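# Structural characterization, general
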Amino acid sequence: MTNARVETVVDTVFGHQLADPYRWMERNGPELRDWLLDQGKAAEQHFAGLPRRDELLARLDELTKDSVDLRGFSMAGDRVFFLRQTGDVPALVVREGGEERVLLDPATFEGDEHSNIDWYSPSPDGALVACGISLGGSEQSQVSVLDVATGELTPTTLRNAMQGNPAWLPDGSGFVCHCYPVPDPALPPARRRDNSVTWFQPIGSGEPTVVARRGHNPSLPMAPIDRAFVLLPATSELMFAVVSHAAVGDSITEQMSAFTLYAAPRSGLGSTATCQWRKIADPSDDVTGYAVHGDTLYVITHKDAPRAEIQAWSLTDGARRTVVPGGDRAVLGVEVVGEHLLVRDVDAGTARLRRIPLAGGEIEDVPLPAGGTIQQWTAHADGRSALIVFSSWTQSPTAYRYDGRLHDTGWIPPSPVDFGGIEVTQLSAPARDGALIPLTVLHRKGIVLDGGNPTLLTGYGSYGYVVPRSFNPRLLPWLERGGVYALAGLRGGGDHGDEWHLAGRLLNKENTITDLVDCAEHLVAAGYTRPERLAGSGGSAGGIPTGGAIVRRPDLWAAMVMEVAVSNTTRMEFTDNGPINTPEFGSVATEEGLAALLIADGYLRVEDGVEYPAVLLTVGLNDPRVPAWQPAKMAARLQAATASDRPVLLRVEVHGGHGFGATRAQRNAETADIYAFVASRTGLS
């Protein structure tokens, strides 16, 4: 394995000289692919020589081979739909009258790359299912319609539907779906997702028609990077357009940022170019979530409420009133179920649930098991009940039906994986500025706090995202061999609501990085570990704290793992997925934005002659979110710069993406490689 070719480009931006020795990689040409494949082979050879790798993979296969993973529940009519994984990829299953049957199994599809169901949405009566299917973890979904009675799968002309967010008309006669343009290689990467379209797809005969697109309707203004997601709630005669100006996650009704909400009569679907959209909320309202019920919009707002309050907004006269005042808990989501408003909270990252009568009255807690995560909640289309999936570090997922009380449905079989020998401790690590960082520590019962425990510390810290405290059988091979696993609720995440997010965003991004460092030092001071036994990890935007930590404190770590990681933030906005992330990280177009990006850019802070720890970076060649050259440049720079003899490896998944849609075999192999690598550097016995 040879070091990458150097061809330095120097950019002068607001007086800063930014030297980039591997800019050529951004062309994403054959030379980069060949270098990546060479790196991948070298990493494979390294892993093959690690003494514990085969043993760890065998244990991971043993833990997962008989497990049944159920997720992605949706209720429609008398049917319950969900994704069930017993093999390599999840299949779509329907439950009706106590019986279950497989509707769609991507494992039966032919092709060089595996297929995956990225998303699905049943019609209100449960007769049809709109679904997005992609290849090789690419998330570039082809939209099809599945007939539940016959199993017939009919492709539509809609494609490239990453973040499709489909919504059905109440009568099931069609659905809306968001699609990006088919990528045009003639355009710069940062422009390839401009001017996305939300389409209406009729059922039966008829071609899809445009519902929302920049320039389509003057009452729905959009910038090129904006995406308009359309909702068609059955409880209202209105339709809603969520015009997102920033990155979005799994939901467009909660944990949102920087969006404008519009409403129009649902009848306007017949005249989308001329119907009159009315603005309901914009970014100045600090709304992060909402629920529609008749003529009332229940909104979660952080305006003058650091951890959010819930207000009721009239969609007829515009009146606003507070129904759930702000408090110590951070509000994540709201749903209307029966005669109550159901409120999903987090408290230092741990799930809580409350309810309040729609007619007014006392707010009361809905009891949940302790110390876990609501992995999913979804209300039935009839509004009378909801499904809540809960798990914790040591409790496998349980699906509860909520109709005023929680009832265990028994739909998810208990996992045979036993965490009975594992202890979970919730700590508060003091940051250097006095903030208390939530820090969860898992280990075998009875470990000695003598500083000798191999420890893997992970964190994320962006977008206000709360890393789930959920059941994960893949943690057990590390824990049962004496390893310690710790999760830090870094600022920039959402463990304490929007104020926690803002404290680690843009010019405050240094907090995200130093929080990880301070949590590491707290684990050392508490006797869990010491630097030569300590490893860090982070994925995607978690590359910012991990990359930042090794360039600021290389002496603190024996190893660092950076999975599909952003590391060169000053160049991120020039990628396909970059423009929508500038509200979170900054832009080189402004001096303040550049200052924020320079805080987060670990790649530009790598220095020649420093003894860096062992580093493992991973990359997926089909990744639509973080391009392969981002981890590649960081790997190349560290390989050339380090003065230590510790390895810098780049693990390459040729038929993988950002992790979404990875097969069970891919996940187990990657986890085994990571554990074996970290074990070899931290002395796991």
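What counts and what doesn't
Residues numbered from 1 in each chain as written. Predicted model: local features only at pLDDT ≥ 70, side-chain atom pairs only at ≥ 80, totals over all residues. Heavy atoms only, no water. Helix = DSSP H or I, 4+ residues; strand = E, 2+ residues; numbered from the N terminus. Buried < 20%, exposed > 50% of the residue type's maximum accessible area, 1.4 Å probe, protein only. Contact = heavy atoms within 4.5 Å. Areas by Shrake-Rupley, 256 points an atom, 1.4 Å probe, with all protein chains shown as cover. Lys, Arg positive; Asp, Glu negative; His and termini not counted. Charge placed at Lys NZ, Arg CZ, Asp CG, Glu CD. Core = buried A, V, L, I, M, F, W, Y, C linked by side-chain atoms within 4.5 Å. Expected span 1.5 Å × (residues − 1). Polar contact = N/O pair within 3.5 Å; in protein donor to acceptor, adjacent residues only side chain to side chain. Axes fitted to C-alpha atoms, helices over the stretch in contact; angles between N-to-C directions. Left-handed = near helix turned anticlockwise from the far one by under 90°. Nonpolar A, V, L, I, M, F, W, Y, C, P; charged D, E, K, R; others polar. Pairing = 2+ DSSP bridges. Phe/Tyr/Trp six-rings, centres within 6.5 Å; stacked < 30°, edge-to-face > 60°. Lys NZ or Arg CZ within 6 Å of the ring centre and 35° of its normal. Salt bridge = Lys/Arg side-chain N within 4 Å of Asp/Glu carboxyl O. Arc of directions from axis to C-beta.

## Quick look at the overall build of the protein
Secondary structure assignment for the protein yields ten helices and 38 strands. If you line up the protein on its principal axes, its C-alpha atoms span 65 × 55 × 55 Å. In the protein, which comprises 685 residues, the share counted as buried stands at 60%. Counting only contacts in the protein whose residues sit at least 6 apart along the sequence, the fraction spanning at least 24 positions is 57%. For the protein, the accessible surface area stands at approximately 26000 Å², while carbon and sulfur atoms represent 49% of it. Both charge centroids of the protein, one from 59 positive and one from 83 negative side chains, sit 1 Å from each other.

## Let's talk about the nonpolar core
Formed by 53 residues in total, the largest nonpolar core has its most connected members in Met25, Trp35, Leu439, Leu457 and Trp557. Take this core: its biggest share by element is seven residues, from helix α9 (residues 629-641). Those residues in contact with Trp35 that lie beyond four places of it in its chain are Thr2, Asn3, Ala4, Met25, Ala632, Ala635, Ala636, Gln639 and Leu650. Formed by 34 residues, the second largest nonpolar core is a distinct cluster that contains Leu487, Val561, Leu649 and Ala672.

## Brief notes about helix α10 (residues 664-682)
Taking 1.5 Å as the rise per residue, α10 with 19 residues should run 27 Å; its terminal C-alpha atoms sit 27 Å apart, in good agreement. Burial within α10 is extensive, with 15 of its 19 residues counted as buried. Gly683, located one to two residues past α10, shows a positive phi value of around 80°.

## A closer look at unusual backbone geometry
A negative phi holds for most residues other than glycine; trans holds for most peptide bonds. A positive phi angle is found at Asn160, which is not glycine, with a value near 55°. In this fold, Asn160 is placed in the loop between β10 (153-159) and β11 (167-168). Take Asn160: its relative accessible area is 7%, and that puts it in the buried class.

## Things to note about the side chain of Gln39
Structurally, the position occupied by Gln39 is in helix α1 (residues 30-48). Taking relative accessible area as the criterion, Gln39 reaches 0% and is therefore assigned buried. Here Gln639 takes part through its side chain, which lies 2.8 Å from a polar atom of the side chain of Gln39. Among residues more than four places away in sequence, those in contact with Gln39 are Met1, Thr2, Gln639 and Leu650.

## Re the packing of α1 against α9
In the contact formed by α1 and α9, the axes pass within 11 Å of each other and the chain directions differ by 65°. Remark: the crossing between α1 and α9 carries left-handed chirality. Contact with α1, carried on its side by Leu32, Trp35, Leu36 and Gln39, involves Trp629, Ala632, Ala635, Ala636 and Gln639 of α9 and no other residues of that element. Grouping the constituent residues of the contact of α1 with α9 by class yields seven nonpolar, two polar and no charged.

## A few points about the sheet that holds strand β33 (residues 455-459)
Spatial strand order, β31-β32-β34-β33-β35-β36-β37-β38: eight strands in an open sheet with mixed pairing. Looking along the sheet, the strands with just one partner apiece sit at the ends: β31 (422-430) and β38 (648-653). Strand-to-strand twist across the sheet, computed as the mean angle between neighbouring axes with direction ignored, equals 20°. For strand β37 (residues 614-620) and β38, the ladder comprises six bridges, and the chain directions are parallel. Its bridge partner being in β38, Val619 is matched across the sheet by Val652.

## Here we look at the pairing of strand β2 (residues 16-20)
Each regular strand shows side chains that alternate between the opposite faces of the sheet. In the sheet, strand β1 (residues 9-13) pairs with β2 via five bridges, with the strands oriented antiparallel. Across the sheet, Val10 pairs through a bridge with Ala19, a residue of β2. Linkage of β1 to β2, two consecutive antiparallel strands, is achieved through a turn of two residues, within which Phe14 is found at a positive phi near 50°.

## Topic: the packing of aromatic side chains
Applying the stated criterion across every chain yields a total of ten aromatic pairs. Centre to centre, the rings of Tyr460 and Tyr465 are 5.6 Å apart; their planes meet at 75°, and the pair counts as edge-to-face. Looking at Tyr465, the relative accessible area reads 39%, which means it is partly exposed. The rings of Tyr460, Tyr463, Tyr465 and Phe585 are connected pair by pair, giving a single aromatic cluster. Over the ring of Trp313 we find Arg320, and its NZ or CZ is 3.5 Å from the ring centre. For Arg491, the ring lying beneath its charged end belongs to Trp500, and the centroid distance is 5.9 Å.

## Regarding the sheet that holds strand β28 (residues 386-392)
In sheet architecture, strand pairing relies on hydrogen bonds along the backbone and comes in two forms, parallel and antiparallel. Spatial strand order, β27-β28-β29-β30: four strands in an open sheet with antiparallel pairing. Looking along the sheet, the strands with just one partner apiece sit at the ends: β27 (372-379) and β30 (406-408). In this sheet, neighbouring strand axes are inclined to one another by 30° on average, regardless of whether the strands run parallel or antiparallel. One ladder, built from seven bridges, connects β27 with β28; its direction is antiparallel. Looking at the pairing, Ile374 lines up with Phe390 of β28.

## Considering the pairing of strand β8 (residues 128-135)
Summarising burial for β8: seven of the eight residues are buried, a large majority. With seven bridges connecting them, strand β7 (residues 115-122) and β8 associate as antiparallel partners. Paired with Asn116 across the bridge in β8 is Ser134. Judged from the six bridges that link them, β8 and strand β9 (residues 142-147) form a sheet pairing that is antiparallel. Counterpart to Ala130 in the pairing with β9 is Val145. Between the end of β8 and the start of β9, which pair antiparallel, lie six residues, with Gly136 showing a positive phi angle near 60°.

## Some thoughts on the side chain of Thr682
The residue Thr682 is located in helix α10 in this model. In this structure the side chain of Thr682 is engaged in a polar contact, spanning 2.8 Å, whose partner is the backbone oxygen of Val678. The residues contacting Thr682, other than those within four sequence positions of it, are Pro454, Trp478, Glu532, Arg533, Leu534, Ala535 and Ala558.

## Quick word on the pattern of salt bridges
For side chains of opposite charge, pairing can occur when their charged atoms come near one another. Enumeration over the complete set of coordinates arrives at 42 salt bridges. Across the pair Asp673 and Arg53 runs a salt bridge, and its minimum N-O distance is 2.6 Å. With Asp673 in helix α10 and Arg53 in helix α2 (residues 53-65), this pair connects stretches of sequence that are 620 residues apart. Judged by its relative accessible area of 15%, Arg53 falls in the buried class. Put simply, Asp433 and Arg491 hold a salt bridge, and the shortest N to O gap is 2.8 Å.

## Some details on the environment of Pro106
With respect to the helices and strands, Pro106 occurs in the loop between β6 (99-104) and β7. Between the C-alpha atoms of Pro106 and Pro90, which are 16 residues apart in sequence, the distance is 7.5 Å. Setting aside its immediate chain neighbours within four residues, Pro106 contacts Val89, Pro90, Ala91, Ser115, Asn116 and Ile117.

## Here's the deal with α2
In an α-helix, one turn spans 3.6 residues, which is why side chains three or four residues apart end up on the same side. Counted at 1.5 Å a residue, the expected span for α2 with its 13 residues is 18 Å, and the 18 Å between its end C-alpha atoms agrees. When α2 is considered as a whole, its buried residues turn out to be Arg53, Leu56, Leu57, Arg59, Leu60, Leu63 and Thr64. The buried side chains of α2 occupy one side of the element, clustering within an arc of 160° when seen end-on. Structural note: α2 exposes Asp54 and Lys65 on the side pointing more than 90 degrees away from its buried face.

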